[in-house]
Amino acid sequence: MNDCIFCKIINKDIPASIIYEDQEFLVFEDIKPIDKVHLLIIPKIHIESLIACNETNQEMLGKMLLLGGKLANQLGLKGYRTMINSGAEGGQEVFHIHFHVYGGSDTLVKI
Ligand code: AMP
Ligand code: ZN
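A brief look at the structure comes next. (Residues numbered from 1 in each chain as written. Chains lettered and ligands numbered in written order. Predicted model: local features only at pLDDT ≥ 70, side-chain atom pairs only at ≥ 80, totals over all residues. Heavy atoms only, no water.)

1. Section: the sheet that holds strand β2 (residues 25–29)
Picture the strands of a sheet paired through backbone hydrogen bonds; they go either parallel or antiparallel.
(1) Moving on: Across the sheet, five strands lie side by side as β1-β2-β3-β5-β4; this open sheet has antiparallel pairing. Each edge of the sheet is formed by a strand with only one pairing partner; in this case those strands are β1 (18–21) and β4 (81–83). Here the strands of the sheet are splayed against their neighbours by 20° on average, with no regard to which way each runs.
(2) Moving on: Where strand β3 (residues 37–43) meets strand β5 (residues 99–103), five bridges bridge the pair, whose relative direction is antiparallel. When the sheet's bridge partners are listed, V37 is paired in β5 with G103. (Pairing = 2+ DSSP bridges. Helix = DSSP H or I, 4+ residues; strand = E, 2+ residues; numbered from the N terminus. Axes fitted to C-alpha atoms, helices over the stretch in contact; angles between N-to-C directions.)

2. A closer look at the coordination of the zinc ion (ligand 2)
(1) Moving on: In this structure, C4 (SG), C7 (SG), H46 (ND1) and H96 (ND1) serve as the protein donors to the zinc ion (ligand 2), at separations of 2.0 to 2.3 Å.
(2) Moving on: What the four donor atoms of the zinc ion (ligand 2) show is an angle range of 104 to 117° at the metal, which sorts the shape as tetrahedral.
(3) Moving on: Each donor residue of the zinc ion (ligand 2) belongs to the same chain, with the gaps between them written as C-x2-C-x38-H-x49-H. Of this pair, C4 sits in the segment before α1 (5–10) while H46 sits in the loop between β3 and α2 (58–74); the two residues are 42 residues apart in sequence, bridging distant segments of the chain.
(4) Moving on: Classification of H46 as partly exposed rests on a relative accessible area of 37%. (Donors = N, O, S within 2.8 Å, 3.2 Å for Na, K, Ca; no water. Tetrahedral: all angles 85-135°; square planar, octahedral: opposite > 155°, others 65-115°. Buried < 20%, exposed > 50% of the residue type's maximum accessible area, 1.4 Å probe, protein only.)

3. So, the pairing of β2
Working note: regular strand, side chains alternate between the two faces of the sheet.
(1) Moving on: Where burial is concerned, most of β2 is hidden: four out of the five residues are buried.
(2) Moving on: Judged from the three bridges that link them, β1 and β2 form a sheet pairing that is antiparallel. Residue pairing in the sheet places I18 in a bridge with F28 of β2.
(3) Moving on: Between β1 and β2, which pair antiparallel one after the other, the connecting turn spans three residues.

4. Details of the site of ligand 1
(1) Moving on: Taken together, 16 residues form the shell around ligand 1, and within it D30, N85, E93, H98 and H100 come nearest.
(2) Moving on: Between ligand 1 and D30, the relevant distance is 2.5 Å, taken from an oxygen atom to a side-chain nitrogen or oxygen of the residue.
(3) Moving on: Between ligand 1 and the protein, one listed contact pairs a nitrogen atom with a backbone N or O atom of I31 at 3.1 Å.
(4) Moving on: Against a free-state accessible area of 510 Å², the protein chains account for coverage of 86% of ligand 1. (Near = heavy atom within 4 Å. Polar contact = N/O pair within 3.5 Å; in protein donor to acceptor, adjacent residues only side chain to side chain. Areas by Shrake-Rupley, 256 points an atom, 1.4 Å probe, with all protein chains shown as cover.)

5. Overview of the packing of aromatic side chains
(1) Moving on: One pass over the full model with this rule turns up one aromatic pair.
(2) Moving on: Measuring from centroid to centroid gives 5.3 Å for F6 and F28, while their planes differ by 80°, and the two rings are edge-to-face. On the criterion of sequence distance, the pair formed by F6 in helix α1 and F28 in strand β2 is long-range, its members being 22 residues apart. (Phe/Tyr/Trp six-rings, centres within 6.5 Å; stacked < 30°, edge-to-face > 60°.)

Structure follows, in structure tokens:
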């Protein structure tokens, strides 16, 4: 039994604000957005983290990056930020790899 919350969202066992779906990816709004627009892009296969990735995941990772940019453009963001937290020490809380894409606020706090 897979207890992963993002797998449950993929399987529609728990709701999410889904904004895009194809065979390989699901995109939904972060439940605690840190910007006006805050998307999470996840592959439909369960991979824990970027730490668990290798060359076999290269195509998936490339597609995920490009999908983030495409959706940000479609949502009208002129610029945006992207983030992948990897491992507990990298701030990762949900252990199904996900790509944060966020932006839209008028003021940018540089980090
Ligand atoms: P991370 O710290 O990179 O693992 O980020 C996990 C993100 O998932 C956080 O920004 C949470 O707000 C978000 N999150 C957790 N549960 C849900 C959920 N059920 N629906 C949407 N976003 C979620
Ligand atoms: Zn999962």
